[in-house]
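Read off the chains here:
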Amino acid sequence: MIRLDKLPKKVQKAILAVIFFFGGTSASCRLCPPIVCDPAPPPSVTPMICDPPPMPSSTPTPYVTPTSFVAPGQHFTGKIVRTAPNADLAGAAIQGTVVDQYGQPLGGLPVTVTRDGWEARAVSDSSGAFSFEVPEAGTYVLAIEGDEANALTLELGLHDEVTVEWVEAWDSSQVPLPLAEVRTVEIVRHGRLAFAADTPWSGARYQWSVSGGTLAEEGESAVWQPPARPGRYLLQVVADWGRTGLAVDALVLIVGRDGSVTVG
Amino acid sequence: MTDVLLVGAEELENLGTRYLAAVLRQHGYSVQLAAFSTADDADAVVWQAKVTRPRLIGLSVIFQYRAPEFLALAASLRRALPKAHITLGGHFPTFAASELLRDFPVLDSVVRGEGEFTLLELVQKLDAPAAWGSILGLSFRQISKSANRQIANRYAGEIVENPPRPLVADLDALPFPARDTPPQHHLGVGYSPLVGSRGCHRDCTFCSIRSFYSSSRGKVQRFRSVPNLVDEMADLYHRFGVRFFVFNDDEWFPAGPARYERVAELEAELKRRRLDAIMSIKCRADDVEPDLFRRLLDMGVVRAYVGVESGSDHSLQTLNKHTTVAQNRRALEILHQVGMLADFGLIIFDPDSTVEDLRANLDFLREMGGTGLAPLSFGRMEVYAGTPVLERLQREGRLTGNYMAWNYTIPDPRVEMLWRLMIAAMRHRQYENQGLAKQCSIAYYELMMVKYLHAGRYDPALGEALRDLVARVNNHSLAIFEEMFDFTLHEDIRNSALVNAQAATWASRINLFDMEVEAELQNWREQVAQRLKR
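Residues numbered from 1 in each chain as written. Chains lettered and ligands numbered in written order. Predicted model: local features only at pLDDT ≥ 70, side-chain atom pairs only at ≥ 80, totals over all residues. Heavy atoms only, no water.

Before going further, it helps to spend a moment on the overall build of chain B. Helix and strand counts for chain B come out as 19 helices and 18 strands. For chain B, the C-alpha radius of gyration of 24 Å lies close to 24 Å, the compact-globule estimate for 534 residues. Each principal axis of the C-alpha distribution contributes one length, and for chain B these read about 70 × 65 × 45 Å. When each of the 534 residues of chain B is scored for burial, the buried share is 57%. (Helix = DSSP H or I, 4+ residues; strand = E, 2+ residues; numbered from the N terminus. Rg over C-alpha atoms; globule rule 2.2 N^0.38 Å. Buried < 20%, exposed > 50% of the residue type's maximum accessible area, 1.4 Å probe, protein only.)

Structure, rendered in structure tokens:
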């Protein structure tokens, strides 16, 4: 028999991803977890109970390359914020956030969870969030790579969903300055009124603004509803990578008397 | 099929590639020029290479920050023309020849130092690689006869760095730059860059010009004779209608009293040839004297870019400028009194900048730029290949990055933070071509053209309006800068939430201000255009 923990880490990850997606180590159907498809459901449950349930909120974070690493003098204090049952889980789940001392999210950091040779890895996203699903109950060690001395030991029961928070701290002499890198962002027009923020760096939080009209924004994209009044209006986006950097770009949008919109 | 394709930036006519082309053509080789002003031009350059199928492609890298774009272009050219010889030249490749050949197998060679005769010899011996070892000024990868020329095998070749080639002793012996297409025109005026000299007699720490030339045998600063220089001006004047000569000399003047003699000679020659033209020059603050610059203005020198560099004596010392703030102030005041457009730039952040230096620089900027006589230009010292400051910071272990792009941190965190805030909030206004600072600078050029070359249609109110507009932009920048300075002195600069929020706020204020003023500048330009149409 092939032991999972004897396989290369990449292969382990691939197999675990398949296992997570198709419903854990048991042969049961993930779409009909045993606890939901109990042969004697309570009467209040609708007959459609075995239809596909909504996707669990704690789907595994797709692995991306870390863009940030623990620096000399930097460490993280972790704590468990909440533990709650989640019947949708085949095993258990860990979710959490990494923030700096001012509550700003820290994206791009590699986070690992390990147990007896089993390991999974994720990277915090632009809001500082990361998440894992683990196959079974047990004792897991959660750490930010490079700061294993401050790892958290988590006792997870079956269907437990635990939320943790890591707060960054620094040795007093080594607190870094913000805006560590010079970064850029550019507003690209994708249609008459649709715009997108374009930057080669991932993980930014975007904040759009416009000096007239209204804006429907979602992340890196925005759609402008111009005002009726002709004039020059400023569309601006701020791309914020937390301590790593910040970039701003703006476009002048000119509304003509005939309602036409041109870029100044 | 052409012999050589020379590729370089062409915001203004590229004199480097044009001098190379002129020498090659003088010896019977066919040469084409290709414009690579931004990365977006890459496809056009590759297309031109495919059509002309040159045996050798020369890439002229003027600015180090563009080296990655040129290297990416070299890779595309290699794919398009696997057998062409690809060589790199310019300041940065001169100082990083071995590293570039080591790391970029698409390159066959690097032409170091002044390139005209090294490139010529390379073209002459292109089919005889065994003879490349005798080409002074060339670095190349030795590839054995048995090795095929696939890129993967190029790493294996030994890198050979030949001794430097002596400098061109007599600049008059060079042909005039090859100008295949008419020079650019604006507001009905043809304008061209040219040089009357090469090299500089000073040794500022941030500049690679001295090391570029002094690594070869010969006199570092050399001048064309005045008749030879004016011959080229007359040719451009009569053949292409050029009436605005933009001198791009490293330093326009010779050292000491010799500058008076050169100016007198040039004045007489221009008068004799009856060239009714205007000029722009670059010089040092200690070149500026009232009598000399009055004379220059009478000759048609309407703009001088003065290498002031700092409003702090401490910084001027660390930059090794051999000038003082008093000299800088005097130089700009003389130019203002004379009535010459006085452009200047300040390196307000350098590896040794202190809070006191910044205070002094801000005061200097307000004093010299607050009235709008020229748009403000300020920034951080970048550490370029071949500069004395690079050597020093390497010795001190203060650099991060690598030879393609070095970086450093200013020891005082308040000063470092101010630089970071400035680049985050003021990038567009100060450093981008479409930014207001650059646009104001262009408007001043336009004003010079109207004032001196369309004098009958010039209205002093145009000058007043532009000065008022530029003063508002300058003072807005200074006000924001003062706020940033105050912030770095008194707030928690390690608080990323606070710092980022402030940077975004300043950027927003600048963008809103610029939107309004850009519209005014546009109106001003339309007025100028209307006047010239009448």
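Anyway, onward from the coordinates.
Below, the discussion takes up the overall build of chain A. Secondary structure assignment for chain A yields one helix and 16 strands. For chain A, the proportion of its 264 residues judged to be buried stands at 38%. For chain A, the exposed surface amounts to about 13,800 Å²; the carbon and sulfur share of it is 57%. (Areas by Shrake-Rupley, 256 points an atom, 1.4 Å probe, with all protein chains shown as cover.)

A cluster of nonpolar residues, Ile62, Phe63, Tyr65 and Tyr384 of chain B, forms a patch on the protein surface that exposes about 440 Å² of accessible area. Position of Ile62 of chain B relative to the elements: it lies in the loop between strand S3 (56-60) and helix H3 (67-80). (Patch = residues over 30% accessible without salt bridge, like charges linked within 9 Å, V, L, I, M, F, W, Y side chains within 5 Å. Salt bridge = Lys/Arg side-chain N within 4 Å of Asp/Glu carboxyl O.)

This paragraph deals with the interface of chain B and chain A. Across the contact, 25 residues belong to chain B and 26 residues belong to chain A. Taken over both partners, the interface formed by chain B and chain A buries close to 2,100 Å², and the fraction arising from carbon and sulfur atoms is 63%. If you sort the residues of chain B by the area they bury against chain A, Arg494, Asn500 and Met515 of chain B come out on top, with a joint share of 30%. Taken together, the links from chain B to chain A amount to zero salt bridges. Linking chain B to chain A there are 10 residue pairs in polar contact (both at pLDDT 80 or more). Only helix H16 (413-431) and helix H19 (496-533) of chain B provide two or more residues apiece to the side of chain B that touches chain A. Of the residues belonging to the side of chain B that touches chain A, the class tally is 14 nonpolar, five polar and six charged. (Contact = heavy atoms within 4.5 Å. Buried area = accessible area lost by both parts, 1.4 Å probe. Polar contact = N/O pair within 3.5 Å; in protein donor to acceptor, adjacent residues only side chain to side chain. Nonpolar A, V, L, I, M, F, W, Y, C, P; charged D, E, K, R; others polar.)

Averaged over chain A, the pLDDT score is 79; the fraction of residues at 70 or greater is 76%. Note that residues 1-62 of chain A has pLDDT below 50 and, in this model, 55 contacts with residues that lie over four places away or in other chains. (pLDDT = per-residue confidence, 0-100.)

Residues and elements named next belong to chain B. Reading across from one edge, S2-S1-S3-S4-S5-S6-S7 is the order of the seven strands in this open sheet, with mixed pairing throughout. Each end of this open sheet is capped by a strand with a single partner; those strands are strand S2 (31-35) and strand S7 (158-161). Sheet twist, expressed as the average angle between the axes of neighbouring strands with direction ignored, equals 20°. One ladder, built from four bridges, connects strand S1 (residues 4-8) with S3; its direction is parallel. Bridge assignment links Val4 to a residue of S3, and that residue is Leu56. Those strands touched by helix H2 (residues 42-52) are S1 and S2, and its axis lies near 160° from that of S2. (Pairing = 2+ DSSP bridges. Axes fitted to C-alpha atoms, helices over the stretch in contact; angles between N-to-C directions.)

For chain B, mean pLDDT is 95; residues scoring 70 or higher make up 98% of the total. Reported confidence for the predicted complex is 0.88 by ipTM and 0.83 by pTM.

This part covers the sheet that holds strand S16 (residues 261-263) of chain A. The strand order S11-S14-S15-S16 (chain A) describes an open sheet built from four strands, whose pairing is antiparallel. Since the sheet does not close on itself, it has two edges, and those belong to strand S11 (205-210) and S16 of chain A, each with one partner. For this sheet the average axis-to-axis angle between neighbouring strands, irrespective of direction, equals 25°. Looking at chain direction, strand S15 (residues 246-255) of chain A and S16 of chain A are connected through three bridges and run antiparallel. Residue Ile254 of chain A lies in a different strand from S16 of chain A, and its bridge partner there is Thr262 of chain A. With respect to the sheet, H19 of chain B is in contact with strand S14 (231-240) and S15 of chain A, its orientation differing from that of S14 of chain A by roughly 155°.

All names here are of chain B. Membership of the largest hydrophobic core comes to 155 residues, with the highest contact counts inside it found for Leu59, Met233, Phe245, Phe293, Leu296 and Phe349. Sequence-distant contacts of Leu59, that is, excluding residues within four places in its chain, are made with Val7, Phe70, Leu73, Ala74, Leu77, Ile86, Thr87, Leu88 and Gly89. Judged by nonpolar contacts, the second largest core, of 29 residues, contains Tyr29, Leu126, Ile135 and Val160. (Core = buried A, V, L, I, M, F, W, Y, C linked by side-chain atoms within 4.5 Å.)

Let's shift gears to the pattern of salt bridges. Summed over the entire model, instances satisfying the criterion amount to 48 salt bridges over all chains. Within this structure, Glu13, Arg179, Arg224 and Glu232 of chain B form a network of salt bridges that share partners.

It is worth spelling out the side chain of Thr94 of chain B at this point. Residues and elements named next belong to chain B. Here Thr94 lies in helix H4 (residues 91-95). Residue class for Thr94 comes out buried when judged on its relative accessible area of 11%. Engagement of the side chain of Thr94 in a polar contact is seen with the backbone oxygen of Gly90, the distance being 2.7 Å. At 2.9 Å, the side chain of Thr94 forms a polar contact with the backbone nitrogen of Gly113. Apart from the residues within four sequence positions on either side, Thr94 is in contact with Val111, Arg112, Gly113 and Phe212.

Residues and elements named next belong to chain B. Between its terminal C-alpha atoms H16 stretches only 23 Å, short of the 27 Å expected from 19 residues at 1.5 Å a residue. Where H16 bends most, at Ala425, the angle is about 65°. Within H16, 14 of the 19 residues are buried, which leaves the element mostly enclosed by the surrounding structure. (Expected span 1.5 Å × (residues − 1). Bend = angle between axes of the 7 residues up to and from the residue.)

In this section: the state of the cysteines. Residues and elements named next belong to chain B. Overall, the coordinates contain zero disulfides over all chains when judged by the stated rule. Among the cysteines around Cys200, which has no disulfide bond, Cys204 carries the closest sulfur, lying 6.3 Å off. A residue is classified by how much of its surface remains accessible, and Cys200, at 12% relative accessible area, is buried. (Disulfide = S-S within 2.5 Å.)

Okay, unusual backbone geometry next. Positive phi outside glycine occurs at Leu179 of chain A, with the angle close to 55°. Here Leu179 of chain A shows up in the loop between strand S8 (160-170) and strand S9 (186-189). At Glu309 of chain B, a position not held by glycine, the phi torsion is positive, near 70°. Position of Glu309 of chain B relative to the elements: it lies in strand S14 (residues 301-309).

The subject of this paragraph is helix H9 (residues 226-240) of chain B. All names here are of chain B. For H9, with 15 residues, the first-to-last C-alpha span of 21 Å sits near the 21 Å given by 1.5 Å per residue. Those residues of H9 that are buried are in contact with helix H1 (15-26), strand S8 (184-186), strand S9 (189-194), strand S12 (242-247), helix H10 (258-273) and strand S13 (278-283). Of the residues flanking the end of H9, it is Gly241, one or two places downstream, whose phi is positive at about 70°.

Looking now at the packing of aromatic side chains. Residue and element names in this part refer to chain B. For the coordinates displayed, the defined rule picks out 18 aromatic pairs over all chains. Between Phe36 and Phe70, the ring centres sit 4.9 Å apart and the planes meet at 85°, which makes this aromatic pair edge-to-face. Here Phe70 lies in helix H3 and Phe36 lies in the loop between S2 and H2, a separation of 34 residues in the sequence. With relative accessibility at 2%, the residue Phe70 sits in the buried group. Residues Phe349 and Trp419 carry aromatic rings whose centres are separated by 5.9 Å and whose planes lie at 55° to one another, so their mutual orientation is tilted. Note that Phe349 is positioned in strand S15 (residues 341-349) and Trp419 in helix H16, a separation of 70 residues in sequence. A residue is classified by how much of its surface remains accessible, and Trp419, at 9% relative accessible area, is buried. (Phe/Tyr/Trp six-rings, centres within 6.5 Å; stacked < 30°, edge-to-face > 60°.)

Next up on the list: the packing of helix H11 (residues 290-299) of chain B against helix H13 (residues 325-338) of chain B. Residues and elements named next belong to chain B. With their axes 10 Å apart at the nearest point, H11 and H13 run at an angle of 40° to one another. Taken together, the axes of H11 and H13 lie oblique to each other. Viewed along their axes, H11 and H13 form a crossing whose handedness is right-handed. Residues Pro290, Phe293, Arg294 and Leu297 of H11 form the contact with H13, whose own contacting residues are Arg330, Ile334, Leu335 and Val338. (Parallel < 35°, antiparallel > 145°, perpendicular 65-115°, else oblique. Left-handed = near helix turned anticlockwise from the far one by under 90°.)

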